Each structure stands twice: as structure tokens, then as C-alpha cells.
Amino acid sequence: MSRRAWELALPTGLVVLLAFVPKISADIPKLFNGPLNSPGTLQLLALCLLFGGVALTYDLLFGYTGLLSFGHAFYFAVGVYFTAIALTKWHWGFGPSLLFVAALGLVLPALIGAVSLRVGGIAFAMVTLAVAQVGAVLVIKNPRDWTGGEEAFGTDYAQLPDAFVGVLNTKNLYWLALVYAVAVFLIVRWAVESAPGRIWQAIRENEQRVEVLGLHPQRYKLMAFVLSSFLATAGGVVYLLLQTGPTPHVTSADFTLTLLIMVVLGGAGTKWGAMIGGVLYTYLNNRLGAIGDSSLVQGLPDVLRTPLSEPLFLLGTLFILIVFFAPGGITGLATHGRRPSSLRRMDAALRTERAEVTAPVQTTEEGA
Amino acid sequence: MNTAVAPAPTRPLLAVADLHVYLGESHVLQGVSFDVPEGGVTALLGRNGVGKTTTIRALLGLTSRRGTVSFDGVDISHAPTHRIVRRAIGYVPEDRDVFAGLTVAENLRLAARDAQPRYELVYDLFPRLRERARQRAGTLSGGEQQMLALGRALLNENRLLLVDEPTKGLAPLLVTEVARALDHIAELTTVLLVEQNLAVVRRIARDAVVLDQGRVVHSGDAAGLLADRDRVHRLLGVSGGGHA
Amino acid sequence: MSTFVLLTITGLGLGAMYFLIASGLSLIYGLMGVLNFAHGFFLTVGAYGTWWMELHLTGIGSIWLRYLIGAAFGLALGAAIAALVELVLIRPLYQRHIEQVLVTVGLAIAGTALVQAIWGGDQRAFVTPPWLNETTDVLGAKVPNDRWLEIAAAAVVFVLLQLFLRRTRYGLIIRAGVENRSMVQALGIDVRKAFTLVFAIGGVAAALAGALSNVYFGSVVPERGTSLLIFAFIVVVIGGLGSLGGSAAAAVVVGLAQQYANYYGSTGMGEIVVVLLLGVVLLVRPRGLAGAVAT
């Protein structure tokens, strides 16, 4: 078979295989707690697929267009919270709720992006961080008791389609997550290889050159921003369905940083990198807790046991190691861990931004 | 026994061999080779954009480079910038690069490396700097900033000064002042001078090296080169003028 | 009126802590181009170091002595860890700015998790010298005394930093390096030596903020570093990256705005106002407040 045919066949085969997982009752000890088609395992796999997709939406911004955003979680949270609120607090039906959230997922990033993209580099990163912080604060503030504040509230099941309710229907949610991941992959692939997509990459490489060519980088950046955010919002909806209700964690800066880790872990700006990173991170985050509780680790002296039983510590350390030794992530290991071009270009962009943004250190009087 | 030893051939102060520099995709220097003899001024000439400033920066390690550079017999091809400079090389950049937020005196103090920096020499050569010692360098005029940049390089007993277009953007009166200062500087130390103003070159340069399309296309006596109008026109473009 | 006075002084107290964190962030970014996400971790180190030492000294000397020794320990720890981080994690990634930022992100996450693993995620009560819990009457307002400590600490640090920057050789190098790092190298100075120093200074200031936050909030908790860090970032950007005076001014503005808005508006309003302020500043003057003085 030709190379092109393999490139189509392998992923398609993988998707078909994944689609059949809920029918397979095989047990994979060590890797999963129960047989593959048990609700618990399916839930985990669904989360992995979901975050594979969400990580890819972040990569569209970071790895492809070179925009460093610290507020991606905000759009994900919009999907999570507004669906829950519409269903549970406003008592809307499922269809109207979805339409509402879809509209938000387009309008919000369009408005916010139009304003925040006026600045670039570090300033843009800060604005996105700040916007996400507003979201986090609003959720805690619990206006009109809509968001539930610091405590989670349960989504009103009555409003959800039966297919998504109940432990026995976890397999439907699994398939939904699979559909989401595949859809995001195809959309991002198509977008990146389209004409606007190539301009995103050109912007990442050298924004000035794009401007000189008479194209308006702003417009294209906004396109990428809206698409990426919309897909993240959609992911938020799926996430809500997988959980019992929304929690404030999805609005935190930590959450966006988690997405960043997923992308770098897998390999920023590559075809499969972000998805692999998202799947792997979600899996590790879930399973590392089990490793920590295992008899092997519990038997270690305190000095080792304490850090090793904390999944975030392991993940943070793993991330540091990756950045040091394999900045291209897992997919980059194939290219001998050389510094990927996506990071190299972002660096150059940050450096020129720095020249514009830094003010000389001001002292209050003339020096001697 | 009477063995008359022939004097050893004088080693050039700076020897550049097969210097290559890439700026992005562009192969700016494609094997630049030249020598700078000790004492006097060597002019580095060429059209706009040919790579003169890039050469200077490459010598200092401010940009990544391939090739061999040796200073006073020591290989500095891969040394980091601050080590190269500490071998007693001074730098007067094209854009002066004085620190706007620091005062004139602070700018000088920062540059001082020797045990006895030559403040008096600098202030005598550039009295205006003495007047403005406590002023923030960002408030100086272009000409004054140039003097500060030159003074900064003079503070230490440098064996080589790399001076990049010191008269650029200056009014004729200031050009004369700078040229006069360069005269004086040339008596004290070896200078590699990038300069578009040929009158200045004519006045102080002993040797000339011409760059074109990433390589050295001429090197030799400065006066001889500048007397040859055709050559000047061909290698350096239209302007043969400028005033000193 | 008395409420206004109380809000103002409390706002200044909050601004004081923001300044302590922001000053280090600003210098580090200004000089090195590193967006140090681990700065919140330095704060946490200072907070827990102070608390831990104080706990271990229980029964020895007065509460004030214990607090001061605890704080001294916390600060020393903050400086040491910050310097270590620079040497081991940041320096090897010289010129690779994105990786440097990413590494600080990893450190922030791993570090906070480590603290959580050792001491648990719950709040631990912090034993405060009683005077700090009392109030002083100012124009009718009952001002909690810890605010004076925070304001005084920030003022002292500001003065010390200014003296350092203006009167010492390293200060000169740092001021020049923030403006034009490669020219400093071209003067024969290895700027990288100043990097470790700047990180250490940032570590001390952040640790001090940590020690003070224990008193301000009355407790120690692992996430405090992260939550305060976001505001510190905003302060740094509003004030102008690399500008100490800018950070000070912005810290005051942000602290006050937050207090006033939270009270005269509603809870949570303060944070929103601060964020809007950031947006406005970035759109109107991306260089920040100090940018105006640059030329």
C-alpha cells in the first residue's frame, strides 16, 4: 500500500477498534481496574479521548498559530457551566441548551478575541489569564445562585436525553467522546491544511512577513482563536455529560496549564502530538494515584513515598524532564528530541515582543 | 657566536578566516577572510546591507558564526562575547546602544574594566560628557550619545576597537568632531572601522577591506583604493562623497 | 469615612504584598526574559518555612521572637531555593525562553503538589503575635495591626531595592541589562552572574510575602502562592515589565481598587475591576505605566 493509504488506513483502523471497545470484555490488569467494557474503564477511556480532543484545540492556538494563551480553560468552562445552568437552573430542554451554548461558544471568543488580540506575546498571555480569572471569580461569586459557588451542583438529569443517563449508558458517553475526538481531529486537520491554516503557521513563523504580504494577521488569528475556543466549549459540554455536575476546577489557571502540559508532552504543533499528550496525561493522572497507593510505593521510606504518592508531583516532574530532554514531546522523540520548530518560532516572537514591552528600570532620582 | 635572527613576521592583531554567518535563511557572510594589522585604522567598506555590521557582531560573538577568528594569536572563534571583550577589545555599535536609563557617568562606570580607567582622557576628549555627567543618557542628543559610546570604548586600554558607523545620522559639524576624535583614538589603539563616509575614511584609514556579496573582494592600502574612482563606484555604490 | 480609611489602609496592605511578589517577577522578566510561574512556589516556600520553624520553636522565647526567627528562616529558604532553581533549571535553558517558562510551570505544579503531599492540602492555623491581631484606631477606623507590618515591610524592601539598584555594581549591571542585555555582554560583563542574584532577590521578596500572608490570612495553605501570583502578574504588566517603580505604583493602584470595588460594589467585583484595568492599560499603553517615563 502506498504511504498515503497507510496514513489513512491506520487511523481509521484505530477508530474502528476504539468504537468496538465497549463490546470487548477483556481484562487488562495493571492498566485498568476492570474489564474494558466496564463502566469505570469506559469512563476513564472517555475522559482520555475527550482531553485528547481538548488538548488538540489548545494546540491549534499554541502549537500552530503560536499564540500563548493562559485562559483556554475559560471557554471549556463556558461549555461546562452554561450547559449545566441552562438545564438545571433555567430548566431549558436539552436542544435549546445546546444551541445556546453553541452560540456562546462563537460569540464570546469573537468578542474577547477581537479585543485581546490587539496585543501579542506576553501581553496577550496576560490578558487571557486575566479573562480566565474573571470567569473563575464569577463562578465562585455565584450570582443568583446559578453557578453553585465553591461546591459542585448536580446537573438536572431529567433534562438530559435518556441515552446519556445512568451508569449502564456509560458506553454511549464513551462513543460520544470518541466522536468528539475524531471530529476535533478532522476539523483541525482540515483547518490547518486549508488556506487560512497555512497562514496561521506563517504567522507563527514570522508575523511581520505576513503583514507585509498584505494579509491581516489579526483576522487570521481571530479565526484560529474562535475555532479553537468553540471546539473547547463543545468539549466542555461533553465533559459535563461525563460528570455529575460542574466544578470550579475547570475555571482555574491550573486547568489551562494542564492543557499546556498535555500539548508539550505530546509534541506541540504536530499532527498527533496533542492528542497523544491529552490521552496519556489523563490516563496517568488517573492511574498514578493508584500507583501511589500501591504496596510498592507504600513500602518505601517516607522521604520517597510522600512525593511519589502525589500524582501532580510526578506529572510536574515528568513535565520538567520532558522540557529539558525532549522539548518536542513524545512525537519529538522520533526526531531525536531536537527542539521543535514550533517552539523555536514562538521564542523569536516572544523576544521581539519583549523589546517592545519592557520599560527600563526606573529609579526615583538621578543616580550618582 | 653571532646569530643574526631575522625579525619574526608581524602577526596581524586580528585574523579572520572563512567566516560564515546565517541570519535566518540568509547566508549573509559566505567565507569572509581578512587581517587587521596592529596599529592604525583598517576600514571595513561595502554597500549598504552587505554585511559589515554582521561581520563586526560575528567577531564579538554576538551572532552565531562559523569560521576562524584569532586575536593576537588566540583563537576566539567560539568564545562567548564577554570573554572576547575582556581580551581588551572595545565596541562602538552602529546604534550607539548607550543605556538611556543610566546617567552618562554610570554608562562609563559600567564599561570600566581596567584597574585605572582613563576617565580624564575621555572627559578631556569629550568635554561635553563631563558637563552632562549626571544627566540621563537617554536625554542626550545623537552626537553626544555617539561621544559617550566612543568614550566608553576608550575608557579601558583596549588593544582593538571595533567601531561601526560612528558618523551615521550626524550633522556635518558633528561628523567633523567625531572624525577629530577618531584621529586621536587612532593614535592610541588599533581600530577596525566600518564607515560609509569616505571622506572620514580617507582621512584616517591606513588599510581598507571591501565586502561584496558576502565575501572580501578587495583588501589593501586605503588611499590607493579611494583614489581609484571607478573601483570606488563599482564596489561601494554611487556615493564617493561625504565630508569630514 | 472610617470605612474609607479602613479600606484604604487594607488596600495598601494588600498592595504591599502584591509589590513584594511583583518586584521579583518584574526584575526577573526584565533582565532575563523569563516569565517565572514558579514565583508563587517561592512564596509558598517562605510561608511554610516560616510556619514550620515557628512550630518547632514552640515554647522558646516570645511569640514575636519565634515569628521573626521563623520569618528569617523562611526568607533564607526562599533565597536558597530560588538560587538553586536558577542554577539547575533556568540557566541550562539559556536563550530558550519558551522552555524556561514551561519549566517554571512544571516546577510550580510539582512544588505545590510536594508541599501538599507533605503537609496536606488543608489550611493550617498560623500562630500570630497578638498585637498583629489587634486593631489600632485611625480616624475612627479599626485598622488591623498586621497591615502596618505589611506596608512597612514593602516600604523597606522598596527602599533597599532602590539602593541596591542605584548604589551597587550589580545593581548597575541589572539596570543596564534590563535595557539591553547583549550590550552589557559586549562590555565584557557576564550578565548571567546577575541572573542568579536576581532570582535570589525575587525569592526573598516572595518568601517575605509568604511570611506576611500567613499573618494576613491567619493560616498557611498550599494554593496561596498560585492565587496571589495571578494578581502579581497583573501588577507587573500594568506597572511595566522590568520597572520597580512601576510595580510599586501598580501594586498600590491594584490593591486599592480591589478593596474599594469589593466593598462599594459587591464581592468579586474587585477582581473584575482589576482585570478590566489590565485590559484598559494593555490596549492604551502596552508598555505599562512606567512606559511613559521610558522616553
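Each chain has its residues counted from 1, running along the sequence as written. Both sets of labels track the order of writing: A upward for chains, 1 upward for ligands. This being a predicted model, a pLDDT of at least 70 is required before a residue's local features are given, and a value of 80 or more before pairs of side-chain atoms are given or counted; all residues contribute to the totals for chains, interfaces and linings.

## Thoughts on the overall build of chain A
Thought 1: The number of helices and strands found in chain A is 16 helices and zero strands.
Thought 2: With C-beta atoms placed from the backbone, the exposure class of a residue follows from how many other C-beta atoms lie within 10 Å of its own: 20 or more, buried; 12 or fewer, exposed; in between, partly exposed. Burial analysis of chain A (368 residues in total) assigns 48% to the buried set.
Thought 3: Across chain A, contacts joining residues at least 24 apart in sequence account for 72% of those joining residues at least 6 apart. Runs of E in the DSSP output that reach at least two residues are strands. Runs of H or I that reach at least four are helices, and both are numbered from the N terminus. Residues are defined as contacting one another if the C-beta atoms placed from their backbone atoms lie within 7 Å.

## Section: the overall build of chain C
Thought 1: Each helix and strand counted, chain C has 13 helices and four strands in total.
Thought 2: As defined in this context, the radius of gyration uses C-alpha atoms, and a globule is described by 2.2 Å times the residue total to the power 0.38. Taken over C-alpha atoms, the radius of gyration comes to 19 Å for chain C, in line with the 19 Å a tight globule of 295 residues would show.
Thought 3: Residue pairs in contact within chain C that sit at least 24 positions apart in sequence constitute 77% of those at least 6 positions apart.

## Observations concerning the confidence of the model for chain C
Thought 1: By definition, pLDDT measures how confident the predictor is in each residue, and it falls between 0 and 100. With 97% of its residues at a pLDDT of at least 70, chain C reaches an overall mean of 88.
Thought 2: Complex prediction metrics read pTM 0.83 and ipTM 0.89.

## Concerning the interface of chain B and chain C
Thought 1: Every contact between the two is made by 17 residues of chain B and, on the other side, 13 residues of chain C.
Thought 2: Across the side of chain B that touches chain C, the residue classes tally to nine nonpolar, three polar and five charged. Just so you know the grouping, Ala, Val, Leu, Ile, Met, Phe, Trp, Tyr, Cys and Pro go in nonpolar, Asp, Glu, Lys and Arg go in charged, and all remaining residues, Gly too, go in polar.

## Things to note about helix α5 (residues 121-141) of chain A
For an α-helix the count is 3.6 residues per turn, leaving residues at separations of three or four pointing the same way.
Residues and elements named next belong to chain A.
Thought 1: Along its 21 residues, α5 runs 30 Å from first to last C-alpha, staying within 8% of the 30 Å computed at 1.5 Å per residue.
Thought 2: The element α5 is extensively covered by neighbouring structure, given that 16 of its 21 residues are classed as buried.
Thought 3: Of the residues one or two after α5, N142 is the one with positive phi, at around 55°. To estimate how far a helix should reach, multiply one less than its number of residues by 1.5 Å.

## A word on the pairing of strand β3 (residues 141-144) of chain C
Residue and element names in this part refer to chain C.
Thought 1: Criterion used throughout: strands pair if DSSP finds at least two bridges between them. In the sheet, strand β2 (residues 135-138) pairs with β3 via four bridges, with the strands oriented antiparallel. If you follow V138 over to β3, its bridge partner there is A141.
Thought 2: Hairpin connection between β2 and β3: a loop of two residues separates the two successive antiparallel strands, and L139 in this loop has a positive phi of roughly 50°.

## A few points about the nonpolar core
Thought 1: Ranked by internal contacts, the top residues of the largest apolar core, which has 292 residues, are I21 and I234 of chain C.
Thought 2: When residues of this core are assigned to domains, at least three fall in each of domain 1 (14-88 + 159-236) and domain 2 (100-157) of chain B.
Thought 3: Excluding anything up to four places from it in sequence, I21 of chain C contacts H39, L43, A206, A209, L228, L229 and A232 of chain C. A set of buried residues drawn from Ala, Val, Leu, Ile, Met, Phe, Trp, Tyr and Cys, joined through C-beta atoms within 7 Å, is what defines a nonpolar core. Domain limits in this description derive from either an automatic procedure or a database domain assignment.

## Some remarks on the sheet that holds strand β10 (residues 215-221) of chain B
Residues and elements named next belong to chain B.
Thought 1: With respect to topology, six strands assemble into an open sheet ordered β6-β7-β8-β3-β9-β10, the strand pairing being mixed. Each having just a single partner strand, β6 (89-92) and β10 make up the two edges of the open sheet. Looking at each pair of strands side by side, their axes are set apart by 15° on average, direction ignored.
Thought 2: In this structure, strand β7 (residues 160-164) lies alongside strand β8 (residues 190-194), joined through five bridges in parallel fashion. Across the sheet, residue D164 finds its bridge partner in β8, namely V194.
Thought 3: This element, helix α1 (residues 52-59), spans β3 (41-46), β7, β8 and β9 (207-212) of the sheet and lies at about 145° to β7.
Thought 4: Set on the sheet, helix α6 (residues 142-154) makes contact with β6 and β7; between it and β6 the angle comes to about 175°. Note on method: axes are straight lines fitted to C-alpha atoms, helices fitted across the in-contact stretch only, with angles between N-to-C directions ranging 0 to 180 degrees.

## With respect to the interface of chain A and chain C
Thought 1: Counting from both sides, the interface comprises 48 residues of chain A and, opposite them, 52 residues of chain C.
Thought 2: If you list the elements that add at least two residues to the side of chain A that touches chain C, you get α5, α10 (253-266), α13 (302-308), α14 (311-325) and α16 (341-357) of chain A.
Thought 3: It is α5 of chain A that contributes the most residues to the side of chain A that touches chain C, 13 residues altogether.
Thought 4: Grouping the constituent residues of the side of chain A that touches chain C by class yields 32 nonpolar, 10 polar and six charged.

## Focus on the environment of F255 of chain A
Residues and elements named next belong to chain A.
Thought 1: Mapped onto the secondary structure, F255 falls in helix α10.
Thought 2: When the 19 C-beta atoms within 10 Å are taken as the criterion, F255 is described as partly exposed.
Thought 3: Note: C-alpha distance between F255 and F74 (181 residues apart in sequence) is 9.3 Å.
Thought 4: Those residues in contact with F255, other than ones at most four positions away along the chain, are A73, H249 and V250.

## A closer look at the sheet that holds strand β4 (residues 66-71) of chain B
Thought 1: Within the open sheet, the four strands sit side by side as β2-β1-β4-β5 (chain B). Their pairing is antiparallel. Two strands lie at the open edges of the sheet, namely β2 (26-36) and β5 (74-75) of chain B, each paired on one side alone.

## Observations concerning the packing of helix α7 (residues 169-179) of chain C against helix α9 (residues 192-217) of chain C
Residue and element names in this part refer to chain C.
Thought 1: Their axes nearest at 10 Å, the elements α7 and α9 cross at an angle of 100°. Here α9 runs roughly perpendicular to α7, going by the angle between their axes. Note on element contacts: α9 touches α7 through A194, L197 and V198, opposite Y170, I173, I174 and G177.
Thought 2: Each residue belonging to the contact of α7 with α9 can be placed in one class, and the counts come to six nonpolar, one polar and no charged. Any angle that falls under 35 degrees is termed roughly parallel, while one over 145 is termed roughly antiparallel, one within 65 to 115 roughly perpendicular, and all others oblique.

## Some points on the environment of L125 of chain B
Residue and element names in this part refer to chain B.
Thought 1: Within the fold, L125 resides in helix α4 (residues 119-125).
Thought 2: In this structure, the C-alpha to C-alpha distance between L125 and H184, residues 59 residues apart in sequence, is 8.5 Å.
Thought 3: Residues contacting L125, with those up to four places away along its chain left out, are G151, A181 and H184.

## Let's talk about the confidence of the model for chain A
Thought 1: Here chain A shows a mean pLDDT of 80. Residues at 70 or above account for 89%.
Thought 2: Note that pLDDT drops below 50 for residues 356-368 of chain A; the model gives that stretch 51 contacts with residues more than four away or on any other chain.

## Regarding the packing of helix α3 (residues 72-89) of chain A against helix α9 (residues 217-242) of chain A
Residues and elements named next belong to chain A.
Thought 1: Remark: α3 packs on α9, axes separated minimally by 7 Å, with the N-to-C direction vectors making an angle of 45°. Classified by the interaxial angle, the pair formed by α3 and α9 is oblique. Pair α3 / α9 crosses with right-handed handedness. Residues H72, Y75, F76, A77, V78, G79, V80, T83 and A84 of α3 pack against S229, A232, T233, A234, G235, G236, V237, Y239 and L240 of α9.
Thought 2: Tallied by class, the residues present in the contact of α3 with α9 amount to 11 nonpolar, seven polar and no charged. Crossing handedness is defined as follows: a turn of the near helix away from the far one that is anticlockwise and smaller than a right angle gives a left-handed crossing, while the clockwise case is right-handed.

## Concerning helix α6 (residues 146-167) of chain C
Residues and elements named next belong to chain C.
Thought 1: Taking 1.5 Å of rise per residue, the 22 residues of α6 would be expected to cover 32 Å, and the 31 Å separating its terminal C-alpha atoms lies within 8% of that figure.
Thought 2: Taken as a whole, α6 has its buried residues at D146, R147, L149, E150, A153, A154, V157, F158, L161 and L165. The buried residues of α6 all sit within an arc of 165° when viewed along its axis, so they share a single face. Counted as exposed and oriented over 90 degrees from the buried face of α6: A152, V156, V159, L160, L163 and R167.
Thought 3: Buried residues belonging to α6 abut α1 (2-32), α5 (130-133), β3, α7, α9 and α11 (244-264). Starting at the helix axis, one direction is taken to each C-beta atom, and the arc is that of these directions.

## Some remarks on the pairing of β10 of chain B
Thought 1: The sheet contact formed by β9 of chain B and β10 of chain B spans six bridges and is antiparallel. Note on β10 of chain B: the bridge partner recorded for V210 of chain B is H218 of chain B.

## Some points on unusual backbone geometry
Residue and element names in this part refer to chain B.
Thought 1: Non-glycine residue A88 carries a positive phi angle of around 80°.
Thought 2: One can find A88 in the loop between α2 (81-85) and β6.
Thought 3: Take A88: there are 18 C-beta atoms within 10 Å of it, and that puts it in the partly exposed class.
Thought 4: Positive phi outside glycine occurs at Q213, with the angle close to 50°.
Thought 5: Mapped onto the fold, Q213 is located in the loop between β9 and β10.
Thought 6: For Q213, a count of 10 C-beta atoms within 10 Å puts it in the exposed group.

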